[in-house]
Amino acid sequence: MEILATGVQRDERPLLESAFAPRHDVRCLETTLTADTLPLAMGYEAVSTSVNAVLDAPVLEGLVRGGTRLLTQRSTGYNNIDLDHAERLGLTVARVAEYSPYAVAEFAWTLACALNRRIVRAAMRTRDFDFRLDGLLGRDFHGRTAGIIGTGRIGTAVAAIAGGYGMRLLGWDIAVNPECSELGMEYVELDRLCREADVISLHVPLMPSTHHLISARRLAEMKDDVLLVNTSRGALVDSGALVDALKEGRLGGVGLDVYEEEAGVFFYDKSLEVMTDDVLARLMTFTNVLVTSHQAYFTVDAVEQIVAATVRNVDDYLAGRITECTLVPKSP
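Residues numbered from 1 in each chain as written. Predicted model: local features only at pLDDT ≥ 70, side-chain atom pairs only at ≥ 80, totals over all residues. Heavy atoms only, no water.

### Side note on the overall build of the protein
In terms of regular secondary structure, the protein is built from twelve helices and 13 strands. Relative to the compact-globule value of 20 Å for 332 residues, the protein shows a C-alpha radius of gyration of 21 Å, a close match. For the C-alpha atoms alone, the extent of the protein along its principal axes is close to 60 × 50 × 35 Å. When the 332 residues of the protein are sorted by exposure, 50% land in the buried category. Taking the intrachain contacts of the protein between residues at least 6 apart in sequence as the baseline, contacts between residues at least 24 apart amount to 65%. (Helix = DSSP H or I, 4+ residues; strand = E, 2+ residues; numbered from the N terminus. Rg over C-alpha atoms; globule rule 2.2 N^0.38 Å. Buried < 20%, exposed > 50% of the residue type's maximum accessible area, 1.4 Å probe, protein only. Contact = heavy atoms within 4.5 Å.)

Structure (structure tokens):
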């Protein structure tokens, strides 16, 4: 089978090509699949997309008209896919159920450490041979409180790292994870977590109930010097309310690897263009905010697992198998 893979990063391409090579042909494009780029998918029975693809009803209809029967997304999240419409169209949809939780967990703590110890500011200064310590004062993580919102595989890995620092652990989720309890985590109401945590890390999926989970009210409940890190989904945080809190001089630091309006921006070079997203542009002006381009997952280990799962999704589709990666099964 010939497969079209869209939104492929340069470092990801050889891994994809190598994984598919024994059984399938794959055409890799850096372009993200949207209504504008839909003609590129014409004639491909299987299409693999990135998390920033826009897979609403019109795009799904266009894919089916063009002959696509399998849509396999290279991510765990799938809030960008209209699954109900895909089912009505008879389009098989799959995702990557899981990959290395350590990639995201380690990156979340990388952001927290960089914010806490002012690493970016320090590195920029020393490049200019400015070796002062003014404004670089951080805090020990040891003895402080980590609040982990979402305690699945990634949240558990984040908790284990926090435990290694010697931090008190607070958690919030719809169900208690015994692994986190064994680490000493206390499950509490979300409002209490927001009030007591010194570092807050988000690891829940995006759904209607979690949209803007971190609202203006919850931001107001947080400590003035809290470190807030989001490596999950951008719309978990009300970005406008976040800007307002930062303008008030609140929050010790904010690390964002995701942003609620990142589609069409993240993964692209926008350096020669005018940034029309005023909220993102304003966030970038704060010296205690670090924004990265949805790269938390981007390790060799995680990408290899994502690619392997994508290949399996194609093989399972051809064999008519339903697995934990199946979102919409193949029509009879």
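### Examining the layout of surface pockets
By volume, the largest pocket amounts to about 1100 Å³. Taken together, 45 residues line the largest pocket, and the ones lying closest to its centre are Thr76, Ile154, Val204, Pro205 and Ser232. The element best represented in the lining of the largest pocket is helix H6 (residues 153-165), accounting for three residues. Grouping the constituent residues of the lining of the largest pocket by class yields 18 nonpolar, 19 polar and eight charged. (1 Å grid on protein atoms, 1.4 Å probe; cavity = no way out; pocket = protein on both sides within 12 Å on 5 of 7 lines; lining within 4 Å. Points joined across faces, edges and corners; volume = space filled by probe spheres on them. Nonpolar A, V, L, I, M, F, W, Y, C, P; charged D, E, K, R; others polar.)

### Here we look at the nonpolar core
Nonpolar side chains in soluble globular proteins tend to be buried together. Judged by nonpolar contacts, the single largest core of 46 residues is most densely connected at Leu16, Phe20, Tyr99, Trp109, Phe141, Met167 and Val199. Sorting the residues of this core by element identifies strand S1 (2-5), helix H1 (13-20), strand S2 (25-28), helix H4 (101-116), strand S6 (145-149), H6, strand S10 (227-230) and helix H12 (300-319) as the ones contributing at least two each. When residues in this core are grouped by element, the largest group, ten residues, is from H4. In this view, Met167 contacts Trp109, Phe141, Gly143, Arg144, Thr145, Ala146, Ala162 and Val199; residues no more than four positions away in its chain are not counted. In terms of nonpolar packing, the next biggest core, distinct from the first, is built from 34 residues, Ala197, Ile200, Tyr259 and Leu283 among them. (Core = buried A, V, L, I, M, F, W, Y, C linked by side-chain atoms within 4.5 Å.)

### A few points about the UniProt feature "domain: D-isomer specific 2-hydroxyacid dehydrogenase catalytic" (unreviewed entry) in the protein
In the numbering used here, UniProt assigns the feature "domain: D-isomer specific 2-hydroxyacid dehydrogenase catalytic" (unreviewed entry) to residues 7-322. Along residues 7-322 the backbone is 36% helical and 13% strand, and the end-to-end C-alpha distance reaches 25 Å. (UniProt positions renumbered as here; feature names shortened; annotations may be inferred.)

### Brief notes about H4
In this model H4 runs 23 Å from its N-terminal to its C-terminal C-alpha over 16 residues, within 8% of the 22 Å that 1.5 Å per residue would give. Among the 16 residues that make up H4, twelve are buried, leaving the element largely enclosed by the rest of the structure. Every buried residue of H4 is listed here: Pro101, Ala103, Val104, Ala105, Phe107, Ala108, Trp109, Leu111, Ala112, Ala114, Leu115 and Asn116. Where H4 starts, the residue carrying a side-chain oxygen 3.3 Å from the main-chain nitrogen of Tyr102 turns out to be Ser100. Two residues or fewer after H4 comes Arg118, characterised by a positive phi angle close to 55°. (Expected span 1.5 Å × (residues − 1). Polar contact = N/O pair within 3.5 Å; in protein donor to acceptor, adjacent residues only side chain to side chain.)

### A short note on the sheet that holds strand S8 (residues 186-187)
Read across the open sheet, the seven strands follow the order S8-S7-S6-S9-S10-S11-S12; overall the sheet is parallel. On the outer flanks of this sheet lie S8 and strand S12 (289-291), each paired with one strand and no other. Pairing of strand S9 (residues 199-202) with S10, which is carried by four bridges, proceeds in the parallel orientation. Its bridge partner lying in S10, Ser201 is registered against Val229. Sheet contacts for H4: S6, S9, S10, strand S11 (253-256) and S12; angle to S10, the most-contacted strand, approximately 150°. (Pairing = 2+ DSSP bridges. Axes fitted to C-alpha atoms, helices over the stretch in contact; angles between N-to-C directions.)

### Digging into empty space enclosed by the protein
A probe as big as a water molecule, rolled over the atoms, marks out the empty space that is left. Inspection of the entire model under this criterion finds one cavity of 30 Å³ or more. Here the largest cavity is characterised by a volume of approximately 80 Å³. Within the residue set of the lining of the largest cavity, elements represented by two or more residues are strand S5 (92-94) and H12. A breakdown of the residues in the lining of the largest cavity according to their chemical character gives six nonpolar, four polar and three charged.

### Overview of the sheet that holds strand S3 (residues 46-49)
Ordered by their spatial adjacency, six strands build an open sheet running S2-S1-S3-S4-S5-S13, and the pairing between neighbours is mixed. One side of each edge strand has no neighbouring strand; the edge strands of this open sheet are S2 and strand S13 (326-328). Here the average twist between neighbouring strands, direction ignored, is 25°. Here S1 runs beside S2; their pairing, made up of four bridges, is parallel. If you follow Ile3 over to S2, its bridge partner there is Val26.

### Observations concerning the pairing of strand S4 (residues 70-73)
Neither face of S4 is open: one carries Leu70 and Thr72, the other Leu71 and Gln73, and all of them are buried. Both S3 and S4 contribute to a ladder of four bridges, which runs parallel. Of the residues in S4, the one forming a bridge with Val47 is Leu71. For the crossover that starts at S3, traverses helix H2 (residues 57-65) and ends in the parallel S4, the hand is right-handed. Two strands pair when backbone bridges link them, and S4 and S5 are joined in this way by three bridges, in the parallel orientation. Bridged to Leu71 within S5 is Val93. Between the parallel elements S4 and S5, the chain passes through helix H3 (residues 83-89) in a crossover that is right-handed. (Right-handed = clockwise from strand over helix to strand, strands pointing away.)

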